[in-house]
Structure formats: structure tokens, C-alpha cells
Amino acid sequence: MARRRSSPGFLGMFGRSSDLRQLDAALRGVDLHPALVPEGVKLTIVNLMKDQWSDEPPPQAYPSVARLFGYCIAGPEAFERSNGRENMLDAERRIEAALEAGDSFDAQIVLMTLHAKLISAEVVERYGLSAD
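Residues numbered from 1 in each chain as written. Predicted model: local features only at pLDDT ≥ 70, side-chain atom pairs only at ≥ 80, totals over all residues. Heavy atoms only, no water.

A. Molecular detail of the packing of aromatic side chains. Scanning all chains against the criterion turns up 2 aromatic pairs. Plain terms: the ring middles of Tyr71 and Phe79 are 5.7 Å apart, the flat faces sit at 80 degrees to each other, and that makes the pair edge-to-face. As far as burial versus exposure is concerned, Tyr71 and Phe79 are alike and both buried. (Phe/Tyr/Trp six-rings, centres within 6.5 Å; stacked < 30°, edge-to-face > 60°. Buried < 20%, exposed > 50% of the residue type's maximum accessible area, 1.4 Å probe, protein only.)

Okay, here's the thing in C-alpha cells:
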């Protein structure tokens, strides 16, 4: 079966694809306005998600991805204020596990955020990240 393509829409004539709408909603859920994230980055995220799940990503995957991505952008303090301590600690555990694993889905999200130059300087410093 051919994989469904993601679409940001075109000139207001064609609607956004379901996966991008779900990601936008999940980003809003972590207090990150989707307009602050370039469309290319959002397309990359949904494509990474499609690579991770053999079929379509399950609806509950979007908030999980948005929490990690939102933490990387906001940094620990701002993320905790908006999302609570437990979500902040969970994001930090995921980043630590991603650094240990090297090539995991979470590591790809963190690396993509780093390469897109959207990542918080505090997150870069805290985890010693570099885009080599």
C-alpha cells in the first residue's frame, strides 16, 4: 500500500493533511503555537513519525512527539511552567535515553530540532549537543 503524503495545503484551496492538523493540535497542547514552527520542520516530523510506525502514527503519538519537541524549543524552565514538572522530567529522561541510544526516534527529533536551529541554547548546553 502506498504511503499517504502530507500536505500543508495550497493557496487556501486545498486543506492541510490530517497528520499536520494533528501535529498542530499537539503543538498547541504543549503551549507552542504551530505558526512558530516552519512548515518544513513539521513535514519532517510527520515523515519521521511515518517511518517510525508501519501504518499511520496512532493519535496518541502526536502529543508525545510534541512534548519532546516543545521541550527542545522552550527549554526546561519555560516548558515546566506551561506543561508541569512531570512532563518536563519525562522529556529530560527521553533526551538522556536518546543520547545513550544514539539512533532512536527521539534522537532524530532532537537532532532535527538542533539542525533546524530551533533548539533552546539551554538544552544544547545542558546535554552538550552539537551538529557535527
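So, next bit.
B. Quick look at unusual backbone geometry. Phi angles above zero are rare outside glycine, and Asp31 is one such case at about 65 degrees. Mapped onto the fold, Asp31 is located in the loop between helix 1 (18–29) and helix 2 (39–52). Take Asp31: its relative accessible area is 57%, and that puts it in the exposed class. Of note in this structure, Lys117 is not a glycine but carries a positive phi near 60 degrees. (Helix = DSSP H or I, 4+ residues; strand = E, 2+ residues; numbered from the N terminus.)

C. Just the packing of helix 1 against helix 3 (residues 61–74), in detail. Helix 3 packs onto helix 1 with a crossing angle of 55 degrees between their chain directions and a minimal axis gap of 8 Å. Overall, the two elements helix 1 and helix 3 adopt an arrangement that is oblique. Here helix 1 runs over helix 3; the crossing is right-handed. Only Tyr62, Pro63, Ala66 and Phe69 of helix 3 make contact with helix 1, whose side of the interface consists of Asp19, Gln22, Leu23, Ala26 and Leu27. (Axes fitted to C-alpha atoms, helices over the stretch in contact; angles between N-to-C directions. Parallel < 35°, antiparallel > 145°, perpendicular 65-115°, else oblique. Left-handed = near helix turned anticlockwise from the far one by under 90°. Contact = heavy atoms within 4.5 Å.)

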